[in-house]
Amino acid sequence: MGEARKLRYAIIGAGMAGILAGIKLKERGEQFTIYEKADKLGGTWRENRYPGLTCDVPAHAYTYSFEPYPDWDAYYSTGAQIQTYFEYVADKYGITPMIRFGHEVTSAIYNDATATWTLTFGNGSSVEADVVIAASGVLHHPKLPDIAGLDTFKGPAFHTARWDDSAPIDGARVGLIGCGSTGIQIVTALADRVEKLVHFQRSPQWVMPVPQFDYTDADREAFRKDPALMDAIRYNDEYLGAIKRFTDAITDIDGPLMQQIEDACLQNLENSVRDPELKEKLRPNYRAACKRLIYSWNYYDKVQQPSIFVETGGIERIEPTGVRMKDGTLHELDTLVLATGFRADRFIRPAVVKGAGGVCLDDFWAVRPRAHYAMTMPGFPNLFMLNGPTGPVGNFSLIDIAEQQWNYIEHLLDELRAGRARSVQPRAEAFEDYEERRIAAAKTTIFGSGCQSWYLDGEGVPASWPWSYEAFAEAMKQPVMSEFELAA
C-alpha cells in the first residue's frame, strides 16, 4: 500500500456541477482550481437569458441538498434568479476565488509516465493536474439551423442562447424558429408584447399542465425562520413520487403510468385549445414524453392570442425582409429568433482530449458519446465527468443527479488519495458490458418510440439512463470496484 497523497484537481466549468465539485473538494481541504471559459460563472443559466426562461423543476427542488434557498420568487423560478442562486452559493462557500475566468480548455493530454494531465488554455497557458473533473455541461454549444439565406436577413437574427437585448420585440413582428421548451417559453413571454409572433413549428409538443404561483414576502420570511418548510416542498412525497413514476413510465411504455401521462397531456390539449384548426396544429403525432415533456401553466392560453400565428409549413429560405415558405408565403419580420437547441453531443469538446497511450476522445466517441455510468471511460484515467453522456435526463433535477454522481466518484478518488493507486479507470470489458445493456434498454424506452429529439445519438439510440430512478440511486451508492483498473 502506498502513502497517502495530496492530489491536484482541475475542474472544467463553473456551472452547477463545477461549483458542486469545488464545494465538495474544499470541504476535504483539497487543492483545486476551476477553469471557466466565460467571464462569469453559471453555465447554462449564464448563457441563457431569453424572455420567459424558467426551470421545469420546482425552485425549492432545484437547489443543492445542503443549501436550501428561502428567497425564490415563485414555485417555478426564472433563469435570472437561478443564476443569482449559483452566484450566492459560490460566494458563500468560498468557491468564487478558486475560479479562473477566461480560461477555455483547448486540450487535455494524459502523461502515462507521470499519471498526470496537462490542460492547455486558449490564452496559451497550461497547468498540470492529477485529477480532471469535467463539469462542462451538455447544452452550451448552440445549434444553428441549416436554412438558405439565414445570413441575408436585414434585421437582428440570433440564437436564444445569444439573446440580443437591442432587438425589436415590443410592438414588433417577430419570427421564432423552434418548438422545444425554449420556443414554448418564448411564445408565452412575448405574446403580450409583440404586434405579431410567427412561430415556425416543425413538430408540436405535448404539454403537461402544472401549477405556478408567486411566493410572498411572508412566505420567504417563513422559509428563513423555519427551513423545514422548504424541506416540505423539496422532499414532498407527491413531487418525489412523480419523479419516480416518470422514470418508471418511460421504461414501461405500454404500462399504466405512461398512460396516465399521455391522458393528462391529451386532456390538456383537448380542454384548453378552442379553435379546431389550431388544436390540430398543436396535436403531436408521436407519444407523450418521446421528446422532453413540456411543463407549462400558460402556453395554451398564450398561443391562442391574436398576436400568435403557428406556422406548420416548410421554410424555403430566409430573405432580407422575412421568411419565405415553400408555398410562396412571405412572413415579413423585424426580428428573427432561433430556438433551435444545442449540440448535445459535445460535452468537453471541442477541446482535444488524449488519454492513455494517446487515445483520442474523438475516436473513442466516433459512434456516440459514451461513459461508464456516465462518469468514467476506459483509456482516460483519473478523468471524471459530471452529467456526462448517457446520464439521467428527464424532467427532474440535474443537481440531484450530480450530487449522487459525486458520491460515486468520491469512492474512486479515495483510492488515489490513500495511495492505493496512482490512476483509476473502468475496465474495458466492464464498460462494454454496461454499454451493451444500456443500449438494449434505451431502445425500449419512450425516447426510442419514434420521434426526433436531442436525446437521440447519431444512430438513433436514446443517449440516456434507461432504467428507473431507484436503480440509478442504488448504482450511485458506490462503484463496483472489480469493474475498475487500479494502477500503482
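Note: the structure precedes this text.
Being a predicted model, the structure only gives us computed values, none of them experimental.

How each quantity is defined
- Residues numbered from 1 in each chain as written.
- Predicted model: local features only at pLDDT ≥ 70, side-chain atom pairs only at ≥ 80, totals over all residues.
- Heavy atoms only, no water.
- Helix = DSSP H or I, 4+ residues; strand = E, 2+ residues; numbered from the N terminus.
- Rg over C-alpha atoms; globule rule 2.2 N^0.38 Å.
- Contact = heavy atoms within 4.5 Å.
- Areas by Shrake-Rupley, 256 points an atom, 1.4 Å probe, with all protein chains shown as cover.
- Lys, Arg positive; Asp, Glu negative; His and termini not counted.
- Charge placed at Lys NZ, Arg CZ, Asp CG, Glu CD.
- Phe/Tyr/Trp six-rings, centres within 6.5 Å; stacked < 30°, edge-to-face > 60°.
- Buried < 20%, exposed > 50% of the residue type's maximum accessible area, 1.4 Å probe, protein only.
- Pairing = 2+ DSSP bridges.
- Axes fitted to C-alpha atoms, helices over the stretch in contact; angles between N-to-C directions.

1. A closer look at the overall build of the chain
Consideration 1: Looking only at helices and strands, one finds 14 helices and 21 strands in the chain.
Consideration 2: At 23 Å, the chain has a C-alpha radius of gyration in line with the 23 Å of a compact globule built from 488 residues.
Consideration 3: Along the three orthogonal principal directions, the C-alpha set of the chain runs to about 75 × 50 × 45 Å.
Consideration 4: Here the contacts in the chain between residues at least 6 apart in sequence split such that 70% fall between residues at least 24 apart.
Consideration 5: Total accessible area computed for the chain in this model is approximately 20300 Å², and 49% of it derives from carbon and sulfur atoms.
Consideration 6: Charge centroids of the chain, computed over 50 positive and 66 negative side chains, lie 3 Å from each other.

2. Quick word on the packing of aromatic side chains
Consideration 1: In this structure the tally under the stated criterion is 32 aromatic pairs.
Consideration 2: Ring plane angle 70° and centroid distance 5.8 Å describe the contact between Y64 and F86, whose orientation is recorded as edge-to-face. You can see Y64 sitting in the loop between α2 (44-47) and α3 (79-92) and its partner F86 sitting in helix α3, a full 22 residues away along the chain. Residues Y64 and F86 agree in their burial class; the two are buried.

3. Considering the sheet that holds strand β2 (residues 31-35)
Consideration 1: Spatially, β3-β2-β1-β7-β19 is the arrangement adopted by the five strands of the open sheet, whose pairing is parallel. Both outer strands of the open sheet, β3 (99-100) and β19 (383-385), are each paired with one neighbouring strand and no more.
Consideration 2: Relative to β3, β2 runs parallel, the two sharing two bridges. Bridging from a neighbouring strand, Y35 pairs with R100 of β3.
Consideration 3: Strands in contact with helix α12 (residues 398-417) are β1 (8-12), β7 (131-134) and β19; relative to β19, the strand with the most contacts, it is inclined by about 170°.

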